[in-house]
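Each chain, written out:
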Amino acid sequence: MKLWPFNTLIVQLTLLVIAALVTAQMISLWLFVDERSLAIRAALGFEAAGRAANVARLLENAPADARSAVLEAADSPLVRFKLSSNPSATVDDYSDGGVIEMRVRRLLGDSNHRDIRVEVNQVEGKILPLPHLSGEMAEMHMAMMKGELSAVEMNLSIALSDGQWLNVETRFERPPLQWPFYSTLTFALSAALILIVVFWFLLRRLTGPLRRLASASDSLGRGEEVSELPMAGPLEVRSLIKAFNQMQERLTRFVADRTRLLAALGHDLKSPLTAMRVRAEMVDDDETRTSLIDCVEEMQSMVEATLTFSRGLIGSEGTELVEIGEFLASLQKDILEPFHIKQGPEVFIRIRPMAFRRALRNLIENALRYGGDATVIYETKKQSLMITIEDHGPGIPQEQLEQVFEPFFRLEESRSLETGGHGLGLSISRTIVRAHGGDVVLANRNNKGLMAQIKIPLSEDVPLSGEKDNLATLG
């Protein structure tokens, strides 16, 4: 609960999709920047190669005294032209794949007769603007490049027909990515808002039916009547809802059939038992007659208890929201023998009041009968209501703590109904509590006595205290 709402499916899926899209956009941006840089360098390289080919053609056709003027006219701050008897590109470096050389040859109409050399070097470390720029242009250049310069230098040497070399020096600087802050922020916020709205709407179609299914499962586990869930959401969710509806129908039908069978069996046994009682009265021997009548009466009492048990199982009592402290106080007034209630926090729980009262009554009366006293303690632990009933009696042998929940099992061996009952009380209590989605366990106390502990799950949104008017949606 501390991480709410980040532990919900809809928020996690939304964040996951947005993170994936942001990652994809960052990778695309990185690839775009790299391709953009390559495109710019290729364009600058082709432009410099084209100018070098044109200058070489002019120099070969111009008179010797006009060559200085041609070179002066061709010079620019980014590309410098010089005539020399030696090439500035001392080695052939075709790291560009020979593209520049092929372009120059094609513009000059030359195949492989002319010697053309190309050197391409990556400039690393601190880079200053081109030395041929004026001071004002250098400052503007640095401002435009935001002080981040990364460049590739190219030296191109073209052999002329008179034996001299045309040396071309140029530098291709990688411009930084121009990404205005406010435009970027506006785009990011708009895209994020659209993505969140779209994915929130789509995921609501998935998580809405799942929440209803979880709530229905919780209610079914507590024994509440749950109406058939509507088919909604994606195909997989609709299949899950359909399976839940079918499971609920089968479970309800199975429990109802078994309960009706138990009730019918108990009802049908009443007639032959009545006939047996009549025939027992006709026995002449007093001792035999008394023994038969006692056995028949015990069997009739067990049948009546069975019918009462089955009516409790098939009852159509609805659930109500009760405050457990007030509920126990009301039960304390109904039980003749006094028992102590240790006050706990104010806790609201949705139960079937009559059935739950019966379960608690059986456990408390057992503690009073066999333990001599009873103390009821209630508290909440991990979204569950814990009700503990303690006594100071002799306890139960460890190996029989679970066996006593079996129907008609009695620790008291006299078989007397006055001291041992029918052996249905604990079984009825556990059945009722389990119908509420909980359970009952017994344990011997360290300082003598027995402890019966009831655990009933609460809904996640059940508060530990508050007004009833604020709990209309609990259960």
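Describing the packing of helix H8 (residues 324-334) against helix H9 (residues 353-371)
The interhelical angle for the contact between H8 and H9, taken along N-to-C directions, is 60°, at an axis separation of 11 Å. Overall, the two elements H8 and H9 adopt an arrangement that is oblique. Crossing of H8 against H9: the hand is right-handed. Contacts between H8 and H9 involve Ile324, Phe327, Leu328, Ser330, Leu331 and Asp334 from the former and Pro353, Phe356, Arg357, Leu360, Arg361 and Ile364 from the latter. Split by residue class, the contact of H8 with H9 holds 8 nonpolar, 1 polar and 3 charged.

Quick word on the nonpolar core
Among the nonpolar cores identified, the biggest contains 42 residues, and Ile324, Phe356, Leu360, Ile364, Leu385, Ile387 and Leu442 are the most heavily contacted of them. Discounting residues that sit within four places of it in the chain, Leu385 has contacts with Ile324, Val347, Ile349, Tyr378, Glu379, Ile454, Lys455, Ile456 and Leu458. Ranked by size, the runner-up nonpolar core spans 24 residues in total, among them Leu59, Val70, Ile116 and Val118.

Describing the confidence of the model for the protein
Put simply, the protein has an average pLDDT of 76, and 74% of its residues get 70 or more. Within the protein, helix H10 (residues 417-420) has the poorest average pLDDT of any element, 48, and strand S8 (residues 375-380) the best, 94. Segment residues 125-129 is flagged for pLDDT under 50; beyond a separation of four residues in sequence, or across chains, it makes 13 contacts in the model. In the predicted structure, residues 466-475 sits below a pLDDT of 50 and forms 20 contacts with residues beyond four places in sequence or in another chain.

Re the pattern of salt bridges
Applying the stated rule across the entire model yields 13 salt bridges. The closest approach of N and O atoms between Arg80 and Asp75, which form a salt bridge, is 3.8 Å. We classify Arg80 as partly exposed; its relative accessible area is 26%. The closest approach of N and O atoms between Glu365 and Arg361, which form a salt bridge, is 3.6 Å. Of this pair, Glu365 and Arg361 both sit in helix H9, 4 residues apart, roughly one helical turn. Given the relative accessible area of 26%, Arg361 is considered partly exposed. Each of Glu402, Arg430, Arg434 and Asp439 takes part in salt bridges that share partners, so that together they form one network.

Here we look at a nonpolar patch on the surface
On the surface, Ile194, Val198, Phe201 and Leu202 cluster together into a nonpolar patch covering about 400 Å² of accessible area. Considering the arrangement of structural elements, one finds Phe201 in helix H5 (residues 181-221). Using a relative accessible area of 56% as the deciding quantity, one classes Phe201 as exposed.

Considering the sheet that holds strand S10 (residues 439-444)
Pairing is mixed in the open sheet, where 5 strands are placed in the order S6-S8-S9-S11-S10. The strands lining the two open edges of the sheet, one partner per strand, are strand S6 (340-342) and S10. Here the average twist between neighbouring strands, direction ignored, is 20°. Summarising the sheet, S6 and S8 pair through 3 bridges and their orientation is parallel.

Regarding the packing of H9 against helix H11 (residues 425-435)
It is the contact of H9 with H11, at a shortest axis distance of 9 Å, that shows an interaxial angle of 140°. The two elements H9 and H11 cross, and the hand of that crossing is left-handed. Only Gly425, Leu426, Ile428, Ser429, Ile432 and Val433 of H11 make contact with H9, whose side of the interface consists of Ala355, Phe356, Arg358, Ala359, Asn362, Leu363 and Asn366. Taken together, the residues of the contact of H9 with H11 sort by class into 8 nonpolar, 4 polar and 1 charged.

Some points on H8
Within the span of H8, buried status applies to Ile324, Gly325, Phe327, Leu328 and Leu331. Buried residues of H8, seen end-on, are gathered within an arc of 160° and therefore sit on one face of the element. The inward-facing, buried residues of H8 contact strand S5 (320-323), S6, strand S7 (348-351), H9, S8 and strand S9 (384-390).

Considerations on the packing of aromatic side chains
Following the criterion strictly, the structure yields 1 aromatic pair and no others. Judged by centre distance (6.0 Å) and plane angle (45°), the ring pair of Phe327 and Phe356 falls under tilted. Linking Phe327 in helix H8 with Phe356 in helix H9, this pair joins segments that are 29 residues apart in sequence. Accessibility expressed as a relative area gives 6% for Phe327, which makes it buried. A cation over a ring is seen here: Arg357 above Phe327, with NZ or CZ 5.2 Å from the ring centre. For Arg430, the ring lying beneath its charged end belongs to Phe405, and the centroid distance is 3.7 Å.

Focus on unusual backbone geometry
The backbone phi angle of Lys382 is positive, close to 50°, even though this residue is not glycine. On the secondary structure map, Lys382 appears in the loop between S8 and S9. Of the residues examined, Lys382 reaches a relative accessible area of 83% and is grouped as exposed. Even without glycine at this site, Gln383 takes up a positive phi of about 60°.

Reading guide: rules and limits
Residues numbered from 1 in each chain as written. Predicted model: local features only at pLDDT ≥ 70, side-chain atom pairs only at ≥ 80, totals over all residues. Heavy atoms only, no water. Axes fitted to C-alpha atoms, helices over the stretch in contact; angles between N-to-C directions. Helix = DSSP H or I, 4+ residues; strand = E, 2+ residues; numbered from the N terminus. Parallel < 35°, antiparallel > 145°, perpendicular 65-115°, else oblique. Left-handed = near helix turned anticlockwise from the far one by under 90°. Contact = heavy atoms within 4.5 Å. Nonpolar A, V, L, I, M, F, W, Y, C, P; charged D, E, K, R; others polar. Core = buried A, V, L, I, M, F, W, Y, C linked by side-chain atoms within 4.5 Å. Buried < 20%, exposed > 50% of the residue type's maximum accessible area, 1.4 Å probe, protein only. pLDDT = per-residue confidence, 0-100. Salt bridge = Lys/Arg side-chain N within 4 Å of Asp/Glu carboxyl O. Patch = residues over 30% accessible without salt bridge, like charges linked within 9 Å, V, L, I, M, F, W, Y side chains within 5 Å. Areas by Shrake-Rupley, 256 points an atom, 1.4 Å probe, with all protein chains shown as cover. Pairing = 2+ DSSP bridges. Arc of directions from axis to C-beta. Phe/Tyr/Trp six-rings, centres within 6.5 Å; stacked < 30°, edge-to-face > 60°. Lys NZ or Arg CZ within 6 Å of the ring centre and 35° of its normal.

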